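This is what each chain is made of:
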Amino acid sequence: MRDAWKLYRHYIGISMRAQMQYRASFIMTVIGFFLTTITEFFGIWALFARFGNLKGWSLPQVAIFYGVTHLAFAFTEMFGRGFDTFPNLVKTGDFDRLLLRPRSTILQVIGTEISLMRIGRILHALPILLWGVHATGAIWTPAKALLLVGAIVGGGTLFLGLFILQATMSFWTIEALEIANILTHGGTETGQYPLDIYRPWFRKFFTFVVPLACANILPLNVILNRPNAMPLVGSLAPLCGCLFLGLALAAWQQGVRHYHSTGS
Amino acid sequence: MRGYLAITAARFRVLLQYRAAAIAGIATQLFWGLIRMMIFLAFYASSTRPQPMSRTDMVTYIWLGQAMLGLLPWNFDADVRNMLRTGSVAYELVRPLDLYTHWYCRGFAQRVAPTLMRSIPLFIVAMLWFGMRPPPSAASGAAWLLTTLGATLLNTAFMTLVTLTMFWTLSGEGMLRLAPFVVYLFSGMLLPLAFWPDGAQPLLRLLPFRGMVDVPFRVYLGQISPTQALGEFTVQLLWITVLVLAGRGLLARGTRRLVIQGG
Amino acid sequence: MAHIVVENLVKTFEVAERQAGMWGAVRGLVRRTHRTVHALDGISFELKPGELVGYIGPNGAGKSTTVKTLAGILVPTSGRCEVLGRIPWRERKAHVQQIGVVFGQRTQLWWDLPVVESFDLLRDIYRVPADRYRVLRDELTERLNLGSLLDTPVRQLSLGQRMRCDLAASLLHEPPLIFLDEPTIGLDAVSKLAVREFIQRLNRERGVTVILTTHDMDDIEALCTRVIVIGGGRILSDGTLDDLRDRVTRERWLLLDLEEATFELEDPDAEVLRRDGQRVTLRFDPARVSPAQLISRLTARYPIRDLFVQNPPIEEIIARLYGEHEG
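Note that the structure is a prediction, hence the values are computed from the model and not measured. (Residues numbered from 1 in each chain as written. Chains lettered and ligands numbered in written order. Predicted model: local features only at pLDDT ≥ 70, side-chain atom pairs only at ≥ 80, totals over all residues. Heavy atoms only, no water.)

**Regarding the overall build of chain C**
Along the backbone of chain C there are 11 helices and 13 strands. Expressed as lengths along the three principal axes of its C-alpha atoms, the size of chain C is roughly 70 × 55 × 45 Å. The buried share of chain C, taken over its 327 residues, is 50%. Taking the intrachain contacts of chain C between residues at least 6 apart in sequence as the baseline, contacts between residues at least 24 apart amount to 70%. In the form shown here, chain C has an accessible surface area of approximately 16,000 Å², with 47% of it arising from carbon and sulfur atoms. Computing the positive centroid from 44 side-chain charges and the negative centroid from 48, chain C places the two 6 Å apart. (Helix = DSSP H or I, 4+ residues; strand = E, 2+ residues; numbered from the N terminus. Buried < 20%, exposed > 50% of the residue type's maximum accessible area, 1.4 Å probe, protein only. Contact = heavy atoms within 4.5 Å. Areas by Shrake-Rupley, 256 points an atom, 1.4 Å probe, with all protein chains shown as cover. Lys, Arg positive; Asp, Glu negative; His and termini not counted. Charge placed at Lys NZ, Arg CZ, Asp CG, Glu CD.)

**Some thoughts on the sheet that holds strand S10 (residues 252-258) of chain C**
All names here are of chain C. Reading across the sheet, the four strands line up as S11-S12-S10-S13 and stay open at both edges, with antiparallel pairing between neighbours. Of all strands in the sheet, those bounded by a partner on one side alone are strand S11 (270-276) and strand S13 (304-310). On average, adjacent strands in this sheet sit at an angle of 20 degrees to one another, irrespective of strand direction. Strand direction decides the pairing type here: S11 and strand S12 (residues 279-284), joined by six bridges, are antiparallel. Following the sheet pairing, Val272 is matched in S12 by Leu282. (Pairing = 2+ DSSP bridges. Axes fitted to C-alpha atoms, helices over the stretch in contact; angles between N-to-C directions.)

**Points about the side chain of Thr157 of chain A**
All names here are of chain A. Structurally, the position occupied by Thr157 is in helix H9 (residues 142-169). One polar contact links the side chain of Thr157 to the main-chain amide nitrogen of Cys242, over a distance of 3.4 Å. When neighbours within four sequence positions are excluded, Thr157 is seen to be in contact with Gly241, Cys242 and Leu245. (Polar contact = N/O pair within 3.5 Å; in protein donor to acceptor, adjacent residues only side chain to side chain.)

**Focus on a positive patch on the surface**
Among the surface-exposed residues, Lys55, Arg199, Arg203 and Lys204 of chain A together with Arg55 of chain B lie close enough to one another that they form a single positively charged patch. Residue position: Arg199 of chain A is located in the loop between helix H10 (181-191) and helix H11 (200-209). Looking at Arg199 of chain A, the relative accessible area reads 40%, which means it is partly exposed. (Patch = residues over 30% accessible without salt bridge, like charges linked within 9 Å, V, L, I, M, F, W, Y side chains within 5 Å. Salt bridge = Lys/Arg side-chain N within 4 Å of Asp/Glu carboxyl O.)

**Here we look at the sheet that holds strand S2 (residues 34-47) of chain C**
All names here are of chain C. Strands sit in the order S2-S1-S4 across an open sheet of three strands; the sheet is antiparallel. Unpaired on one side and paired on the other, S2 and strand S4 (78-83) mark the two borders of the sheet. Ignoring which end each strand starts from, the neighbouring axes of this sheet average 30 degrees apart. Here 11 bridges tie strand S1 (residues 4-16) to S2, and the two strands are oriented antiparallel to one another. Looking across to S2, one finds that Val10 is bridged to Asp41.

**What about the nonpolar core?**
Ranked by internal contacts, the top residues of the largest apolar core, which has 236 residues, are Trp252 of chain A together with Ile4, Phe119 and Leu244 of chain C. If near-sequence neighbours (up to four positions away) are discounted, Phe119 of chain C is found in contact with Leu109, Tyr133, Arg137, Leu146, Leu150, Cys165, Ala168, Ala169 and Leu172 of chain C. One finds Leu254, Ala270, Val280 and Ile304 of chain C within the second-largest nonpolar core, a separate group that totals 13 residues. (Core = buried A, V, L, I, M, F, W, Y, C linked by side-chain atoms within 4.5 Å.)

**What to know about the confidence of the model for chain C**
Caution applies to low-pLDDT regions: their predicted coordinates should not be interpreted in detail. When pLDDT is averaged along chain C, the result is 87, and 93% of the positions lie at 70 or above. Interface confidence for the predicted complex, given as ipTM, is 0.87, next to a pTM of 0.84. (pLDDT = per-residue confidence, 0-100.)

**Side note on the interface of chain B and chain A**
Between chain B and chain A, the residue contacts involve 39 residues of the former and 38 residues of the latter. Of the roughly 3,500 Å² buried where chain B meets chain A, counting both sides, 76% is carbon and sulfur surface. Here Asp198 of chain B ties to Arg50 of chain A by a salt bridge, and the two come within 3.2 Å at their closest N and O atoms. There are 11 residue pairs in polar contact (both at pLDDT 80 or more) connecting chain B and chain A. Elements with a contribution of two residues or more to the side of chain B that touches chain A: helix H2 (19-45) and helix H8 (173-186) of chain B. Among the elements that take part in the side of chain B that touches chain A, H2 of chain B stands out by supplying 18 residues, more than any other. Taken together, the residues of the side of chain B that touches chain A break down into 28 nonpolar, six polar and five charged. (Buried area = accessible area lost by both parts, 1.4 Å probe. Nonpolar A, V, L, I, M, F, W, Y, C, P; charged D, E, K, R; others polar.)

Here it is as structure tokens:
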């Protein structure tokens, strides 16, 4: 386990050096990501200015939802990019090379592309989250803070699971896999708001099929002391994200098994 | 002229071949439209304050946005980018066709072909199931088509101009990344400009971006009358001229630089 | 203990037939027609430690399927396969730690990084102790003349330079067994010789077992004492080069360089294979007529400027072997 971490750090170091080579361009790109993502929140702010409230939710409360989702997605975006480009690895036959190395394929795929410039998303989401935390006036206990972090981690594992599932599909088909982007980018877009503002069927989809609720309404209801909060379910909900990741990893192993019998 | 039409047609055909991608694209846009619609409807249900746009108009605006998404200057011509980056643009300069016009036509076709393909199914689905309304009158509809043409020409001019800035900044990636955000924000794609704070309205009026989305959409909704639309179309044309001239200027100076430097 | 044991290895692929057009794709979703490809049809052989074996065959014969199976990338349909005492695909990580693989057509190095950084990454991937790594890296750098290349990004290397770097990369974890797939393809003459010489030393001095897959017969003749020929998923021949020659044909060739190109050349024991102006290639059976006899007969009758006796080129041998197998 320790040398997996060592290898991972090595991959990051290499990525950093490669991407920082053109310092000016890197900074511009980070700024670019920062600006493109912050416009989203501007839109939300402007709407609150016009409408005043959103189905009983205030702007600071929505800011917390927004921050959690974007932080979760940002970490996955930084480290899960390898899965985005994975179909190409299969197509060129370079996946064979990963199988020839005595390390986990997942770790190696992550290592193929670490996109540090997406830190722009973190830089914009963190202040918004912190502002929301401050402005809601909610009472913060260590337990709640832990749950908040848990929600972010749960969301991150969920998104990573989605990335992995999307990549796993390319073991079986090379056709248009972009449709899975609906779940990752669309999921982020959806998660910016509390899930209960959406139509029931939509809410159910993002609770039972893609458990976005585990990083959204369930834990945050508990944190914000909402009337219909479910303390037990809400506190354990982020674990669903980890479960989802586990499922995705199992699917990946199946995919690798399939690859072993059919080649590329 | 025939040469330019041929280029446009050829590009059209190439882009029409990407069918699988088109289906994935339509599904994505349906999803996006749905999310935005649900969010806006939730806002409308939460307040009785008067709003700059009615609920039904808002819904139509959202779906228009999804249908016309392909027209926006977001995908910068990868081939042209590569040409500029590697310097092989020098070969292009030898061709008899005027280079700017050549690239402009390519950009135009790149916007129109996929949009035609995607917008029609989106229109149908949105009108049948999601409450999208047609324009209030034939005159509005015609005015809408006119201003949409203006928007497309404007978008192409903008995109060509931004791509040409690559002549000047080699690692032009940064610039290219900022441009879509600027468009997304100030054109009305993120939020209809009427919903922006009142204090921002003068600034928005000055910028060319409203002509890309907000103006044609409001013409469609009838918020801008057909006669007023003609005035807006003139404004679009003015901006198009400015951007085209700027683009041609950049190309000319950049070409001179290239020739002097020797590529 | 044998390094490699292969027994009755069978691998069949089901290849889905793709249909053209939009309708074909839709139909393809509902019902798929399949074609069975017998890539390996029961092959068996054994390799002892320290052997340098050539593994040759026409395209599509099953060479890369064999190599991929031995490497653990593919799982066979049936049959037994053991490498260094392990079943490759069952114990992938442990197995892969002990083998090195070089693909001539694609590099395993990181394209944008300097060579030495690829080496460093591989050190971590293969968990090579730091001091051992340094020794090995320096030694391989010296042996393969990589000194000036270490700081160059891989994408800037020539094919020959890259191949040498790939060879070094595959040996950083000291595997007792390596697979070389077309290592000299596309290389210039000097690089080819360098690579060949390196492989020979590696095998002779370190006892590394080598399986060499190649289309270049000069490689085979220069390096391999043992040659396995595969065709149509079956082993056609397994033995030394001389065994292979004898198996296919005993004939020898006589190349003549005539003074003039005009007249007919005839001899009861020789057959004209090719005629190219003043150059004539004859084939004869040394059991029927000794080379010396044939030469004295011919030089007496015809004005011959120069001559040369040789074995049929190995390509001929192989081609006949395939032809025999097909027909």
